[in-house]
Amino acid sequence: MPESDEIPSNDVPRPEDRSDARMPRWLPRAMVLALALVACFQLATWGFHQLITLLLNVLIAFFLALAVEPAVDWMAARGMRRGLATGLVFLGILVAAAGFFALLGSMLAGQIANMVEEFPQYLDSVISWINNTLHTHLSRVQVQNNLLKSDWLQKYVTDSANNVLAVSATVLGSLFNLLTVALFSFYFAADGPRLRRALCSVLPPHRQTEVLRAWEIAVAKTGGYLYSRGLMALISGIAHYVLLEFLGVPYAPALGMWVGLVSQFIPTIGTYLAGALPVLIAFTVDPWYALWVFGFVVIYQQFENYLLQPRITAKTVDIHPAVAFGSVVAGTALMGAVGALISIPATATLQAFLSAYVKRYEVTDDPRVHGRRERGVRALARMRRNLHDAQPPAPLEDRKAGGTPAEGQDAG
């Protein structure tokens, strides 16, 4: 067979096949871009986790500045410089907090001293009860020796000594976070107008109005929440102080302040934490006094929930109790104790801001909403309609004349 008639081999690549087998030019750039995006995401995630404490402190400081800004604005409107007004407000908060913790510390120190002094008597009474009930022959010296030589006590003392450094670091870290919050909140409150102006300077005019409106709503709701809670804490503290003083329970002023502040500023479980301490102190005086205090705490809580709180918070943070409870649960799940504290004013601010832009329509009355009164009104209207339908129709000539026979007689 001649060479010209040979069939070309399929194994030899054609020029167009070699060009198709090349890597696309965009693929290396896409791979580099994808790797860069992944690296940026990892870096941002690492930075966020490293700065989470600082971000939480700034968030707390922002809400604290919103809470004190109405008082600062009131003092600044009367000619006082904003920096001085902010300093006076924070000085008042510091003095109140120091007085509260001083009273509470003196109360706890006195109770601990009394418990230490009366511990042998308590131990003797417990040992005598055990001996009489279980027919044993225990003595205080034997119990004390067994307690001092026990393995778990020695281990507890050793662990406590080893954890002194960790506890000290925790305390110093808490003080640093407190100072950070105080510093940022002072600057946010003192430079509030300047901060809003700097924020709005990078936004178009139509967005500036929305930002300023949201800021004003946040200031009103957060300040209203703080002041309404403070007023209810004052009323609660005075009421419990009067009861404890009447019963002769020691440290009545400190216990009244404890109940007022803890029950109002710790959501959900604050009431139970606030009532447990005075009940316990009253029990050391007389078990019947503890029962009286417990009953008063329960009754006052109902009075506050159904009568006092709706009237005080009607114009400040008027949100449904179920919404408030859900916001506290959600805030606690997201940010812990910080979220529990700021969840209610944040929810009230969001609700007030949305209510200004959500269009509402009239709803047909439902008798289940208004209760018996609405059902009575609707029943009366239905009775009148039935009586009107039961009247005989007017004759044709009277209807042509323009009225009923009675109307025609009256017209005549």
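Structure's up top.
Conventions adopted
Residues numbered from 1 in each chain as written. Predicted model: local features only at pLDDT ≥ 70, side-chain atom pairs only at ≥ 80, totals over all residues. Heavy atoms only, no water. Axes fitted to C-alpha atoms, helices over the stretch in contact; angles between N-to-C directions. Helix = DSSP H or I, 4+ residues; strand = E, 2+ residues; numbered from the N terminus. Parallel < 35°, antiparallel > 145°, perpendicular 65-115°, else oblique. Left-handed = near helix turned anticlockwise from the far one by under 90°. Contact = heavy atoms within 4.5 Å. Nonpolar A, V, L, I, M, F, W, Y, C, P; charged D, E, K, R; others polar. 1 Å grid on protein atoms, 1.4 Å probe; cavity = no way out; pocket = protein on both sides within 12 Å on 5 of 7 lines; lining within 4 Å. Points joined across faces, edges and corners; volume = space filled by probe spheres on them. Phe/Tyr/Trp six-rings, centres within 6.5 Å; stacked < 30°, edge-to-face > 60°. Buried < 20%, exposed > 50% of the residue type's maximum accessible area, 1.4 Å probe, protein only. Domains from an automatic or database assignment. Expected span 1.5 Å × (residues − 1). Arc of directions from axis to C-beta.

Novice: In this structure, what is going on with the packing of helix α9 (residues 205–247) against helix α12 (residues 287–312)? I would like to understand it.
Specialist: What describes two packed helices is the angle between their axes and the distance between those same axes. Relative to each other, α9 and α12 sit at 155°, their axes nearing to 11 Å. One way to sum up the angle between α9 and α12 is to call them roughly antiparallel. Read as a crossing pair, α9 and α12 show a hand that is right-handed. For the pair α9 and α12, the contacting residues are Ser228, Arg229, Leu231, Met232, Ile235, Ser236, Ala239, His240, Leu243, Leu244 and Leu247 in the first and Tyr289, Trp292, Val293, Phe296, Val297, Tyr300, Glu304, Leu308, Gln309 and Ile312 in the second. In terms of residue class, the contact of α9 with α12 is built from 15 nonpolar, four polar and two charged.

Novice: Where do I start with empty space enclosed by the protein in this structure?
Specialist: To find the voids left in a structure, one rolls a probe of water-molecule size over its atoms. As enumerated under the stated definition, the model contains two cavities of 30 Å³ or more in all. Taken together, Ser236, His240, Val259, Ser263, Gln264, Thr271, Ala274, Gly275, Val297, Tyr300, Gln301 and Glu304 form the lining of the largest cavity. Contributing elements (two or more residues each) for the lining of the largest cavity: α9, α10 (252–265), α11 (270–285) and α12. It is α12 that provides the largest number of residues to the lining of the largest cavity, a total of four residues. Across the lining of the largest cavity, the residue classes tally to four nonpolar, seven polar and one charged. Within this model, the second largest cavity holds a volume of roughly 30 Å³. Forming the boundary of the second largest cavity are Phe62, Ala65, Leu66, Glu69, Phe188, Gly192 and Trp215. When its residues are assigned to classes, the lining of the second largest cavity shows five nonpolar, one polar and one charged.

Novice: Help me understand the packing of aromatic side chains, please; the structure alone is not making it clear to me.
Specialist: Note on aromatic pairs: each is described by the distance of the centres and the angle between the planes. Enumeration according to the criterion identifies eight aromatic pairs in this entry. Ring centres of Phe62 and Trp215 lie 5.6 Å apart, and the angle between their planes is 90°; this geometry places the pair in the edge-to-face category. You can see Phe62 sitting in helix α3 (residues 52–76) and its partner Trp215 sitting in helix α9, a full 153 residues away along the chain. Accessibility expressed as a relative area gives 25% for Phe62, which makes it partly exposed. Ring plane angle 20° and centroid distance 6.2 Å describe the contact between Phe296 and Tyr300, whose orientation is recorded as stacked. Of this pair, Phe296 and Tyr300 both sit in helix α12, four residues apart, roughly one helical turn.

Novice: How should the environment of Leu123 be read in this particular structure?
Specialist: Checked against the element boundaries, Leu123 lands in helix α4 (residues 82–134). Exposure remark for Leu123: the relative accessible area of 14% places this residue in the buried category. As for Leu123 and Ser139, which are separated by 16 residues in sequence, their C-alpha atoms are 9.6 Å apart.

Novice: Would you mind going over the layout of surface pockets with me for this structure?
Specialist: Here the largest pocket is characterised by a volume of approximately 2,000 Å³. Leu64, Ile93, Ala97, Leu226 and Phe265 are the residues nearest the centre of the largest pocket, which is lined by 50 residues in total. When residues of the lining of the largest pocket are traced back to their parent elements, those giving at least two are α3, α4, α7 (164–190), α9, α10, α13 (321–335) and α14 (337–355). With ten residues, the top contributor of residues to the lining of the largest pocket is α4. Taken together, the residues that form the lining of the largest pocket break down as 42 nonpolar, eight polar and no charged. Inspection of the lining of the largest pocket shows a minimum of three residues originating in each of domain 1 (34–153) and domain 2 (217–358).

Novice: Could you clarify how one ought to interpret α11 in this entry?
Specialist: For an α-helix, 3.6 residues make a turn, and residues three or four places apart therefore share a direction. Between its first and last C-alpha, α11 extends 24 Å over 16 residues, near the 22 Å set by a 1.5 Å rise per residue. Where α11 is concerned, the buried positions are Gly270, Thr271, Ala274, Gly275, Leu277, Pro278, Ile281 and Ala282. Seen end-on, α11 carries its buried residues on one side only, within an arc spanning 150°. Across α11 from its buried face, at more than 90 degrees, point the exposed residues Tyr272, Leu280 and Phe283.

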